[in-house]
Amino acid sequence: MKNYFLIFLASAFLSSCVAVKFPNEITVHLELPEEMQEEQIERLIDEIHLAAKGSKVRTRVNITSDKN
């Protein structure tokens, strides 16, 4: 009986569960050059949304332009 207790105790400490919590929303900040065309920007945003489509995570895209 003592062996069973030791095996149970060892297995309880050596086995583990890992829980990973992902955020509900991901915000993507993009800094794009001013000369980039609107089509290219829309295609880029669509690719970001498609990449996150399989998950339950909402994506928000913020776009700024670099001003030199």
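Residues numbered from 1 in each chain as written. Predicted model: local features only at pLDDT ≥ 70, side-chain atom pairs only at ≥ 80, totals over all residues. Heavy atoms only, no water.

Draft legend 1. View of a negative patch on the surface. Together, Glu38, Glu39, Glu42, Asp46 and Glu47 give the surface a local cluster of negative charge. Within the fold, Glu47 resides in helix H2 (residues 38-51). (Patch = residues over 30% accessible without salt bridge, like charges linked within 9 Å, V, L, I, M, F, W, Y side chains within 5 Å. Areas by Shrake-Rupley, 256 points an atom, 1.4 Å probe, with all protein chains shown as cover. Salt bridge = Lys/Arg side-chain N within 4 Å of Asp/Glu carboxyl O. Lys, Arg positive; Asp, Glu negative; His and termini not counted. Charge placed at Lys NZ, Arg CZ, Asp CG, Glu CD. Helix = DSSP H or I, 4+ residues; strand = E, 2+ residues; numbered from the N terminus.)

Draft legend 2. Geometry of the pattern of salt bridges. Per the counting criterion, the structure on display carries 1 salt bridge. A salt bridge links Glu25 to Arg60, with the nearest nitrogen and oxygen atoms 3.1 Å apart. Taken as a pair, Glu25 in strand S1 (residues 25-33) and Arg60 in strand S2 (residues 58-66) lie far apart in primary sequence, 35 residues in all.

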